[in-house]
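# Structure assessment
Chain by chain, the residues run as shown.
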Amino acid sequence: MVKSEENSVDRRNFLKIAAGSAAALVASAPRVGAQENSARPSHEQSSEEAKKVDAPATERTTETSADNPYTQGMATFVSGLRYEQIPKEVIDRIKLLMLDSFGCAIYSVDLEWSRILMRTLQQLDSSTSCGVWGTSLRLSAPHAALVNGTLVHGFELDDIHRLGVMHVGAVSLPSLLAVTEIRPGMSGRDFLTAAVAGYEIGPRVGKCMGEEHIGQGWHSAATVGVFSAAAAAAAALRLTKEQTVHALGIAGTQSSGLMAAQYGSMVLRMHTGRSAQSGLYGGLLAANGFTGIVNVFESDYGGFCTTFSRSHDRFNLAELTSGLGARFETMQVSLKFYSCVSSNHTTLDAIRAIRARRSFSVDEVDHIVVHGSQVTVDHVGWKYRPAGISAAQLNLPFCVATLLLDGNVFVDQFTAQKIVDPVRIALADKVKVVADPDIMARGSEFRQMVRVEIFLKDGAVLTETVETPRGSERSFASKADVVEKFENLAGHVIPAGQVAAIREAVLNLETLPDSSRLAHLLTKQ
């Protein structure tokens, strides 16, 4: 009994340290440098050399360019990035991307899975360090990051980097906002800089792994996403290059997330939240001298790339640092204007274009064939069976049926009644998704390209090809469209005056003397 009580006390003390005292931990963080331990990694030492080296008192390691050039390259970028180095077009774009993510999060607070998560964490956590967006709830920094990341991805409305195959805002912003609250005083310019660091790193890891990563069943937002979250936190905490290497290594070993979650589970929504939380832990722990895997990308055994690809060659390390600091992946992030997985959007755009040319009724449709990549077939082309809202949002035939019946695929189209509607399901059964060799031959950049054929009962065949969806990097939304979407979503939950205040704060972030003001605005007062 005494042992049990001691363990309970230990756990409570740990939670108090991790949650309530995070600001003190950050303030007292030592700077971890290579000079603190000159011992080489054990795999470089011969047995005789190993005998001559005293065992270190800690688990600290050095970083050598021969072992981890790509990890170091990313860390150098994150730790050295300054506001003045970022092109104006990137600053303008990331403000719109952030505004979109905040709207997605605020809309999601009243969803069932969001309420369950918040209620559960309230039972575990009495800390009040950080706010949960769109609510008056306050939790510890890690738990707030978990909830806020979950909220952004709460209803399949958030952004997507198509080539990196990941949701960037949902993993980057929660860890960043948590730092602003436990370490007040960060200027709006520094906030924007840290956000860009996060938006740049994760997509490059996704591109390194390629579309095969999600094809193997990994949810990239949950696996790759930890690196965006860690980069944003590291930049916000002003970590050194060496500390940032460790932050990435700490985050990388926490990486996980299974795509089977798409078949109706609530946990799919939480994948981005876990990434945000893991990245925040990476930054905070590294700030205090905790070490991670210094060659998290390069390691032949147990490294991120070799382990998740199950190979030594089905990834491209060069993508990690290619153009870093000169070509901004932030500009490649797309926004969604349908409330469903991004792989469905090109097909929905194609059908809208066909209908604009030649109106037809649902009763006229004999069947529909969607030609796309193998990833599209595997990811969204499966036979629809009612298994929850997330299954409906990630199923292409269901979304096609919904567009044909309702004329839109947005938040009002996914209700408990509609996802089991027999008319909708029967129409979804008329949609077939097939792999097209010609589309696949064009490479991963065209993985969402589709050629849609609508066969009518009178013998007519209506066809449309779409390479990238509306809101994509090739056809990015206007500022007015992004603001309208934000106001629509946020207006479901918070007063119009607060919606306007958030909008103005985000669009003028570079003028904010303290970005914790934004964190305050995002919560109910």
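Let us look at the structure shown here. Small disclaimer: the values here were computed from a predicted structure and weren't measured.

Glancing now at the overall build of the protein chain. Within the protein chain, the regular secondary structure consists of 24 helices and eight strands. Looking at the protein chain residue by residue over its 525 residues, the buried ones come to 58%. Put simply, 78% of the contacts in the protein chain that link residues at least 6 apart link residues at least 24 apart.

On the basis of which strands lie adjacent, the open sheet formed by four strands has the order 6-5-7-8 and mixed pairing. Each end of this open sheet is capped by a strand with a single partner; those strands are strand 6 (431–435) and strand 8 (461–466). Averaged over all adjacent pairs, the angle separating strand axes in this sheet is 15°, with direction ignored. Pairing analysis gives six bridges linking strand 7 (residues 450–456) to strand 8, with the strands arranged antiparallel. Each residue of the ladder has a partner; that of Phe455, found in strand 8, is Val461. Together, strand 5 (365–372), strand 7 and strand 8 form the strand contacts of helix 16 (residues 345–357), whose direction differs from that of strand 8 by roughly 130°.

This part covers unusual backbone geometry. For Val165, which is not glycine, the phi dihedral falls at a positive 50°. One non-glycine residue, Arg310, lies in the positive phi region at around 55°. Relative to the helices and strands, Arg310 resides in the loop between helix 15 (304–309) and strand 4 (333–334). Of the residues examined, Arg310 reaches a relative accessible area of 62% and is grouped as exposed.

End to end, helix 7 (residues 141–152) covers 16 Å across twelve residues, agreeing with the expected 16 Å (1.5 Å per residue, within 8%). Buried residues dominate helix 7, accounting for twelve of its twelve residues.

Moving on, we come to the packing of helix 22 (residues 479–490) against helix 23 (residues 496–507). Two elements in contact, helix 22 and helix 23, have axes separated by 10 Å at closest approach and are oriented at 140°. Considering how the two elements wind past one another, helix 22 and helix 23 form a crossing that is right-handed. Only Val499, Ile502, Arg503 and Leu507 of helix 23 make contact with helix 22, whose side of the interface consists of Lys479, Val483, Phe486, Glu487 and Ala490. Here the residues of the contact of helix 22 with helix 23 sort into six nonpolar, no polar and three charged.

Let's shift gears to helix 16. Over its 13 residues, helix 16 extends 19 Å from the first C-alpha to the last, a length consistent with the 18 Å expected when each residue adds 1.5 Å. Listing the buried residues of helix 16 in full gives His345, Thr346, Thr347, Leu348, Asp349, Ala350, Ile351 and Ile354. Residues of helix 16 that are buried make contact with strand 5, helix 19 (396–406), strand 7 and strand 8.

This next bit is on the packing of aromatic side chains. Under the defined criterion, the tally for this structure stands at twelve aromatic pairs. When the ring of Phe102 is compared with that of Trp133, the centres are 5.2 Å apart and the planes differ by 90°; the resulting orientation is edge-to-face. Of the two residues, Phe102 sits in helix 5 (residues 88–107) while Trp133 sits in the loop between strand 1 (130–131) and strand 2 (138–139), which places them 31 residues apart along the sequence. In this structure Phe102 comes out as buried when scored by relative accessible area, which is 0%. With a centroid separation of 4.7 Å and an interplanar angle of 45°, the aromatic rings of Phe227 and Phe297 are classed as tilted. Of this pair, Phe227 sits in helix 12 (residues 225–236) while Phe297 is found in the loop between helix 14 (267–287) and helix 15, placing the two residues 70 residues apart along the sequence.

Let us look at the packing of helix 13 (residues 241–252) against helix 14. Look at helix 13 against helix 14: their axes get within 8 Å of each other, and the N-to-C directions meet at 140°. As judged from the angle between their axes, helix 13 and helix 14 are oblique. As for how helix 13 packs across helix 14, the hand of that crossing is right-handed. Across the interface between the two elements, Gln243, His246, Ala247, Ile250 and Ala251 from helix 13 touch Ser278, Gly279, Gly282, Gly283, Leu285, Ala286 and Ala287 from helix 14. Residues belonging to the contact of helix 13 with helix 14 are distributed by class as follows: six nonpolar, six polar and no charged.

Turning our eyes to something else, we now look at the nonpolar core. Core analysis: the biggest nonpolar cluster contains 108 residues, and Met98, Phe102, Phe227, Phe297, Phe304 and Leu518 have the highest contact counts within it. In terms of residue count, helix 9 (residues 188–209) provides more of this core than any other element does, eleven residues in total. Dropping the residues within four chain positions of it, Phe297 is found in contact with Thr71, Met74, Val205, Phe227, Phe304, Cys305, Leu317 and Leu320. In this structure, Leu111, Val365, Val375 and Ile389 belong to the second largest nonpolar core, which totals 55 residues.

Before going further, it helps to spend a moment on the pattern of salt bridges. Summed over the entire model, instances satisfying the criterion amount to 27 salt bridges. Glu510 is the partner of Lys95 in a salt bridge, and the nearest nitrogen-oxygen pair spans 3.0 Å. Here Glu510 lies in the loop between helix 23 and helix 24 (516–521) and Lys95 lies in helix 5, a separation of 415 residues in the sequence. Of the residues examined, Glu510 reaches a relative accessible area of 27% and is grouped as partly exposed. Linking Lys207 and Glu319 is a salt bridge whose minimum nitrogen-to-oxygen distance equals 4.0 Å. Taken together, the residues span a long stretch of sequence, with Lys207 in helix 9 and Glu319 in the loop between helix 15 and strand 4 at a distance of 112 residues. Judged by its relative accessible area of 21%, Glu319 is partly exposed. What emerges from the salt-bridge pattern is a single network uniting Lys207, Glu319, Arg327 and Glu329.

Cut-offs applied
- Residues numbered from 1 in each chain as written.
- Predicted model: local features only at pLDDT ≥ 70, side-chain atom pairs only at ≥ 80, totals over all residues.
- Heavy atoms only, no water.
- Helix = DSSP H or I, 4+ residues; strand = E, 2+ residues; numbered from the N terminus.
- Buried < 20%, exposed > 50% of the residue type's maximum accessible area, 1.4 Å probe, protein only.
- Contact = heavy atoms within 4.5 Å.
- Pairing = 2+ DSSP bridges.
- Axes fitted to C-alpha atoms, helices over the stretch in contact; angles between N-to-C directions.
- Expected span 1.5 Å × (residues − 1).
- Left-handed = near helix turned anticlockwise from the far one by under 90°.
- Nonpolar A, V, L, I, M, F, W, Y, C, P; charged D, E, K, R; others polar.
- Phe/Tyr/Trp six-rings, centres within 6.5 Å; stacked < 30°, edge-to-face > 60°.
- Parallel < 35°, antiparallel > 145°, perpendicular 65-115°, else oblique.
- Core = buried A, V, L, I, M, F, W, Y, C linked by side-chain atoms within 4.5 Å.
- Salt bridge = Lys/Arg side-chain N within 4 Å of Asp/Glu carboxyl O.

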